[in-house]
Amino acid sequence: MSLTRIHHVALVVADADRALRFYRDLLGLPVAVDRVIEDQGVRGVLLPMPGGDGASACEIEIIQPVRDDTGVAKFLDAQGEGLHHVCLQSTDVAADLRAARDAGLRMIDETPRDGLAGRIGFLHPKSNHGILIEFAQPPAGAPHPPGRPAGPVGPAGLDHLVAAVHDPAAVAARFQQRFGFRETGALRQPALNVESRLLDLGGSVLEFAAPIDSAASDPLTRRLDRGEGLFMVALGVGDVAAAVAHLRAAGVKCTDPAVIDGQPRSFLSPRPAHGVRLQLVGS
């Protein structure tokens, strides 16, 4: 396959303008695209992060249904606001969709169609451990992301994306075989009650995680009780302590910054982030 990186991580919201007050106004992410895609019945907003300082270039995509008869509207009604899909950038989306189909994966799109990120196609989450995967081939001459977002948070990019799975080793091996990912390590983090496998895709890191010990109070355990799927987005920031102070002043609940595996980290309440569990990692 010709997949090069994580292009964007998408979330579904009830009101994109309200979500922008968090992602644009509070986090400081610029808006690159904001338009309604009539045939899909959604409003899509792309907020780019340029990468750097150890974080990878990536975009946050905000999706708001504008009709009630769409899959996105049904997702919002059934599951509420939160993470929806991960998009993998492709240099040949038609060939990658054919390869996925020929490998026996369940498809939503067998041929490319136009989308917010260029020519796109989706793979069904039931074939990929609850993860809805989009392939996208941006158009030639697509604009490069602007400079690093300003402000006390100013995310440089994606540090890693976490998916909750029951067997990280087995899922990592499956994704390597299917998509050409490369495993870069295994982690056991008792302080976070997490064991995981890390996969690299052009500097973007996809982490498959499971709890070391299941507990009703553990967020990862609760996520797996609902099924496997996307769990958390970790953003690289220059100064975690300054970012936490800024967010707390705005009423966002954050954990105290703590050094874990050599990096300062803080976890945000998913409520103000519209159902998305966010981690800030010192970059």
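Residues numbered from 1 in each chain as written. Predicted model: local features only at pLDDT ≥ 70, side-chain atom pairs only at ≥ 80, totals over all residues. Heavy atoms only, no water.

1. Notes on the nonpolar core
Reasoning step 1: Y23, I62, F135, F175, F208 and L278 are the most contacted members of the largest nonpolar core, which totals 60 residues.
Reasoning step 2: In terms of residue count, the dominant contributor to this core is helix α1 (residues 16-23) (five residues).
Reasoning step 3: Ranked by size, the runner-up nonpolar core spans ten residues in total, among them V12, V42, L46 and F75. (Core = buried A, V, L, I, M, F, W, Y, C linked by side-chain atoms within 4.5 Å. Buried < 20%, exposed > 50% of the residue type's maximum accessible area, 1.4 Å probe, protein only. Helix = DSSP H or I, 4+ residues; strand = E, 2+ residues; numbered from the N terminus.)

2. What to know about the packing of aromatic side chains
Reasoning step 1: Per the counting criterion, the structure on display carries six aromatic pairs.
Reasoning step 2: When the ring of F175 is compared with that of F181, the centres are 6.3 Å apart and the planes differ by 50°; the resulting orientation is tilted. The same class applies to F175 and to F181, which are both buried.
Reasoning step 3: An aromatic cluster of at least three residues, connected via ring pairs, comprises F135, F175, F179, F181 and F208. (Phe/Tyr/Trp six-rings, centres within 6.5 Å; stacked < 30°, edge-to-face > 60°.)

3. Let's talk about the pairing of strand β12 (residues 204-211)
Reasoning step 1: Summarising burial for β12: eight of the eight residues are buried, a large majority.
Reasoning step 2: Alternating residues of β12 divide into S204, L206, F208 and A210 and V205, E207, A209 and P211, and every residue in both groups is buried.
Reasoning step 3: Alignment of strand β9 (residues 157-164) against β12, held across four bridges, turns out to be parallel. Looking at β12, one finds that A164 is bridged to A209.
Reasoning step 4: Inspection of the sheet shows strand β11 (residues 194-201) paired to β12 by eight bridges, in the antiparallel sense. Its bridge partner being in β12, R197 is matched across the sheet by F208.
Reasoning step 5: In textbook terms, the turn of a hairpin is the stretch between consecutive antiparallel strands, and for β11 and β12 this stretch comprises two residues, one of which, G202, has a positive phi near 60°. (Pairing = 2+ DSSP bridges.)

4. Quick notes on the pattern of salt bridges
Reasoning step 1: If you walk through the whole model with that rule in mind, you get twelve salt bridges.
Reasoning step 2: Across the salt bridge formed by R18 and E81, the nearest N and O atoms sit 3.8 Å from each other. Taken together, the residues span a long stretch of sequence, with R18 in helix α1 and E81 in the loop between α2 (71-79) and β5 (82-90) at a distance of 63 residues.
Reasoning step 3: Linking D69 and R67 is a salt bridge whose minimum nitrogen-to-oxygen distance equals 2.9 Å.
Reasoning step 4: One salt-bridge network, held together by shared partners, links D17, D34 and R43. (Salt bridge = Lys/Arg side-chain N within 4 Å of Asp/Glu carboxyl O.)

5. Examining the sheet that holds strand β14 (residues 258-260)
The strands making up a sheet associate through backbone hydrogen bonding, with each pair oriented either parallel or antiparallel.
Reasoning step 1: Spatially, the eight strands line up as an open sheet ordered β10-β11-β12-β9-β13-β16-β15-β14, and their pairing is mixed. The open sheet has two edge strands, β10 (182-189) and β14, and neither has a second partner. Averaged over neighbouring strand pairs, the angle between their axes works out to 30° when direction is ignored.
Reasoning step 2: Sheet strands in contact with helix α4 (residues 168-179) are β10, β11 and β12, and its direction is about 10° off that of β11.
Reasoning step 3: Lying over the sheet, helix α6 (residues 240-249) contacts β13 (229-237), β15 (263-267) and β16 (278-282), oriented at roughly 145° with respect to β16. (Axes fitted to C-alpha atoms, helices over the stretch in contact; angles between N-to-C directions. Contact = heavy atoms within 4.5 Å.)

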